[in-house]
Amino acid sequence: MPLHNPYLRRLFLLLTFIFCAGISAYAQKTREQLEREKTENQNKIREIQSILKQTSSQKNVNLGQLKALNQQINTYKRQIDLLSDDLELLDKELKVLEKKRQELDSRLNKLKEEYGHMIYEASKRNVYFNQLVFLFSSGTFNQFVLRYKYLKQYTEARQGQVKEIEILQAQVRAERQRITSKKNQQKTVLDTRVTENTKLEGLKVKQNEVIQELSQKEVELRKQIAENKRATDLLEANIRRIAERERRERLERERKEREEREARRKAERERIARENAEREKKGEAAVVEEPKEEEEPVVSSGMSEEETTLASSFTASQSRLPWPVKGFVSGHFGQRPHAVLKGVMVDNLGVDIQTTAGEPVRSVYDGVVLDVTEMPGMGNVVAIQHGNYMTIYAKMNGVTVRAGQKVKARENIGRVATDSDGTSELQFQIWKNTSRLNPENWLIHR
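What counts as what
- Residues numbered from 1 in each chain as written.
- Predicted model: local features only at pLDDT ≥ 70, side-chain atom pairs only at ≥ 80, totals over all residues.
- Heavy atoms only, no water.
- Helix = DSSP H or I, 4+ residues; strand = E, 2+ residues; numbered from the N terminus.
- Buried < 20%, exposed > 50% of the residue type's maximum accessible area, 1.4 Å probe, protein only.
- Contact = heavy atoms within 4.5 Å.
- Areas by Shrake-Rupley, 256 points an atom, 1.4 Å probe, with all protein chains shown as cover.
- Core = buried A, V, L, I, M, F, W, Y, C linked by side-chain atoms within 4.5 Å.
- Pairing = 2+ DSSP bridges.
- Expected span 1.5 Å × (residues − 1).
- Arc of directions from axis to C-beta.
- pLDDT = per-residue confidence, 0-100.
- Polar contact = N/O pair within 3.5 Å; in protein donor to acceptor, adjacent residues only side chain to side chain.
- Phe/Tyr/Trp six-rings, centres within 6.5 Å; stacked < 30°, edge-to-face > 60°.
- Salt bridge = Lys/Arg side-chain N within 4 Å of Asp/Glu carboxyl O.

## Remarks on the overall build of the protein
Turning to step 1, where the next piece is worked out: When you go through the protein residue by residue, the secondary structure sums to six helices and 12 strands.
Turning to step 2, where the next piece is worked out: Burial statistics for the protein: of 446 residues in total, 37% are counted as buried.
Turning to step 3, where the next piece is worked out: Of the contacts formed within the protein by residues at least 6 apart in sequence, a portion of 74% connects residues at least 24 apart.
Turning to step 4, where the next piece is worked out: A total of about 26800 Å² of accessible surface is found on the protein, and carbon and sulfur atoms cover 52% of it.

Structure follows, in structure tokens:
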């Protein structure tokens, strides 16, 4: 039904604009989120490419190269999924734009039809002459004024109709341009997805080549597994030794504090007894006075108040800890199948984070350095205490901290070491007392 009333027409246009703007704002929010994820994943691809380039520079293939290839394949798969999401979103956005354009076209056609009918009717008679007759045939002056106002409103309505047509025409042109732009964007994304798929297939071919070559080195790989197991067992024994040492020191500190409190109470009782004896000699009545009881400190597992507070805040930081080094998880926590040898399981006390050579290692939280040592197969190892928690950083060199030193979160503590295969990999662990935890549950997701 045509909207002859200019106010109803304006209301219709306003509601159409608000509805389309609401859809556009929602789509824009999704678009911004998707673009951010694509950028973050693209940064990961470049980061892993740098790591892969380092490990691939060696003459012989190695596990570090395979791990980097596996991770690169995963990031490319993720990028392709994001590009598919992008195409789906673009398709939805195009449908919204097409619907909006159709609504604008429909409204524009109705306005043109109404205006054309008005012009046609006016052309069949001398409009100016008829208007004069209409005015001067008024019976009274008031009627003349009313007819004049009516003609004025009629003229303004027709002029308003022309302006609405011009506005709608501009909006239709803008929507068509946006649709063309979206289609071009869609083509670009589609071409990019094809390119990424080609790269992915190339990486898979390389992955199979590396696996086949490594499979022919079963004796060497099994020897490497045995060496890693000895190094891991030695590291675990050292960590438990440190944890046991800390437990004994806490118990000893608690015992000394108890003895000191008891000694102060005893001294206070003796003082009161001496004062009462002196008063008796002078014939004065003894004053019964109980020694003041010291308030027992609130401790948790033998920890000091400062350590208890630190442990509590560390607990609250689960899934929000910063990464100790840039890179990707190349070895997950717990027992996992070997990357090449079938039926062989390997156990990881923490996680391995593969990175580039010389990358700085940072403490993930405020704490105190408990131990700095060098171990076979693990390079330099740093243990940092956070209350009853402990973080371990192994396979390092160039350590810049010492035992007893306080460190802050994100403070540099050394650099990651690079092995003979050209792999730079940090071994990172989290312990609570003598229980090992999965670091991936504590590090911030990225």
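Following the structure, the description resumes.
## Thoughts on the nonpolar core
Turning to step 1, where the next piece is worked out: Residues Leu321, Val382, Tyr393, Ile413, Leu426 and Phe428 are the most contacted members of the largest nonpolar core, which totals 28 residues.
Turning to step 2, where the next piece is worked out: Put simply, the parts of the chain that give this core at least two residues each are helix 6 (305–316), strand 4 (351–355), strand 7 (379–386), strand 8 (389–397), strand 10 (412–416) and strand 11 (424–432).
Turning to step 3, where the next piece is worked out: By size, the runner-up hydrophobic cluster in this structure holds 22 residues, among which are Ile48, Val210, Phe328 and Val340.

## Focus on the pairing of strand 8
Turning to step 1, where the next piece is worked out: Buried residues dominate strand 8, accounting for seven of its nine residues.
Turning to step 2, where the next piece is worked out: In this structure, strand 8 lies alongside strand 10, joined through two bridges in antiparallel fashion. Bridging from a neighbouring strand, methionine 396 pairs with valine 416 of strand 10.

## Let's talk about the environment of arginine 446
Turning to step 1, where the next piece is worked out: Residue placement: arginine 446 occurs in the segment after strand 12 (435–437).
Turning to step 2, where the next piece is worked out: Look at arginine 446 and you get partly exposed, because its relative accessible area is 39%.
Turning to step 3, where the next piece is worked out: Through-space distance from the C-alpha of arginine 446 to that of asparagine 41 is 9.3 Å; in sequence the pair is 405 residues apart.
Turning to step 4, where the next piece is worked out: When residues no more than four places from it in sequence are discounted, the contact partners of arginine 446 are Lys44, Trp323, Val325, Lys326 and Gly327.

## Notes on the environment of glycine 64
Turning to step 1, where the next piece is worked out: Turning to its location among the elements, glycine 64 is positioned in helix 2 (residues 63–123).
Turning to step 2, where the next piece is worked out: Distance in space between the C-alpha atoms of glycine 64 and glycine 422 is 7.9 Å, their sequence separation being 358 residues.

## Description of helix 5 (residues 218–281)
Turning to step 1, where the next piece is worked out: In this model helix 5 runs 94 Å from its N-terminal to its C-terminal C-alpha over 64 residues, within 8% of the 94 Å that 1.5 Å per residue would give.
Turning to step 2, where the next piece is worked out: Trailing helix 5 by a residue or two, glycine 283 shows a phi angle of about 80°, which is positive.

## Looking at unusual backbone geometry
Turning to step 1, where the next piece is worked out: A positive phi angle is found at serine 319, which is not glycine, with a value near 70°.
Turning to step 2, where the next piece is worked out: With respect to the element layout, serine 319 can be found in the loop between helix 6 and strand 1 (328–331).

## Description of helix 6
Turning to step 1, where the next piece is worked out: With 12 residues, helix 6 ought to run about 16 Å at 1.5 Å a step, and its terminal C-alpha atoms sit 17 Å apart, in line with that.
Turning to step 2, where the next piece is worked out: Those residues of helix 6 lying buried are Glu307, Ala311 and Phe314. Taken down its axis, helix 6 places every buried residue within 65° of arc, on the same side. Projecting away from the buried face of helix 6 at angles above 90 degrees are the exposed residues Glu305, Glu306, Thr309 and Ala316.
Turning to step 3, where the next piece is worked out: Looking at the buried residues of helix 6, the elements they touch are helix 5, strand 7, strand 8 and strand 11.

## A short note on the confidence of the model for the protein
Caution applies to low-pLDDT regions: their predicted coordinates should not be interpreted in detail.
Turning to step 1, where the next piece is worked out: When pLDDT is averaged across the protein, the result is 81; 78% of the residues are at 70 or more.
Turning to step 2, where the next piece is worked out: Within the model, pLDDT remains below 50 along residues 125–129, and this stretch shows two contacts once partners closer than five positions in the same chain are excluded.

## Remarks on the side chain of glutamine 354
Turning to step 1, where the next piece is worked out: One can find glutamine 354 in strand 4.
Turning to step 2, where the next piece is worked out: The exposure class of glutamine 354 is buried, given its relative accessible area of 0%.
Turning to step 3, where the next piece is worked out: A distance of 3.0 Å separates a polar side-chain atom of glutamine 354 from the backbone oxygen of glycine 64.
Turning to step 4, where the next piece is worked out: For glutamine 354, the contacting residues outside a window of four places in its chain are Ile51, Thr55, Gly64, Lys67, Ala68, Lys326, Gly327, Phe328, Ser330, Thr423, Ser424 and Glu425.

## Here's the deal with the packing of aromatic side chains
Turning to step 1, where the next piece is worked out: One pass over the full model with this rule turns up five aromatic pairs.
Turning to step 2, where the next piece is worked out: Here the aromatic rings of phenylalanine 314 and tyrosine 365 are separated by 5.3 Å at their centres, their planes lie at 85°, and the arrangement is edge-to-face. Residue phenylalanine 314 is located in helix 6, and its partner tyrosine 365 is located in the loop between strand 5 (360–362) and strand 6 (367–375); the two are separated by 51 residues in the primary sequence. Here phenylalanine 314 and tyrosine 365 have matching classes, each one buried.
Turning to step 3, where the next piece is worked out: Aromatic pair phenylalanine 314 and tyrosine 389: ring centres 4.7 Å apart, planes at 35°, arrangement tilted. Here phenylalanine 314 is found in helix 6, whereas its partner tyrosine 389 is found in strand 8, with 75 residues between them in sequence. Side by side, phenylalanine 314 and tyrosine 389 carry an identical accessibility label, which is buried.
Turning to step 4, where the next piece is worked out: Put simply, the rings of Phe314, Tyr365, Tyr389 and Trp442 touch in pairs and so form one group of aromatic residues.

## Describing the pattern of salt bridges
A side chain of one charge can pair with a side chain of the opposite charge if their charged atoms are brought near each other.
Turning to step 1, where the next piece is worked out: Under the defined criterion, the tally for this structure stands at 27 salt bridges.
Turning to step 2, where the next piece is worked out: Measuring nitrogen to oxygen at the nearest pair gives 3.0 Å for the salt bridge that ties arginine 31 to glutamate 35. Pair noted here: arginine 31 and glutamate 35 are both in helix 1 (residues 6–56), with a separation of four residues, about one helical turn.
Turning to step 3, where the next piece is worked out: Taking the relative accessible area as the measure of exposure, arginine 31 reaches 7% and is therefore buried.
Turning to step 4, where the next piece is worked out: Judged by relative accessible area, which is 28%, glutamate 35 ranks as partly exposed.
Turning to step 5, where the next piece is worked out: Put simply, arginine 247 and glutamate 244 hold a salt bridge, and the shortest N to O gap is 2.6 Å.

## What about the environment of threonine 434?
Turning to step 1, where the next piece is worked out: Among the structural elements, threonine 434 can be located in the loop between strand 11 and strand 12.
Turning to step 2, where the next piece is worked out: For threonine 434, a relative accessible area of 45% translates into the label partly exposed.
Turning to step 3, where the next piece is worked out: C-alpha separation for the pair threonine 434 and arginine 241, spaced 193 residues apart in sequence, amounts to 9.5 Å.
Turning to step 4, where the next piece is worked out: Filtering out sequence-adjacent residues up to four positions away, threonine 434 remains in contact with Arg240 and Ala243.

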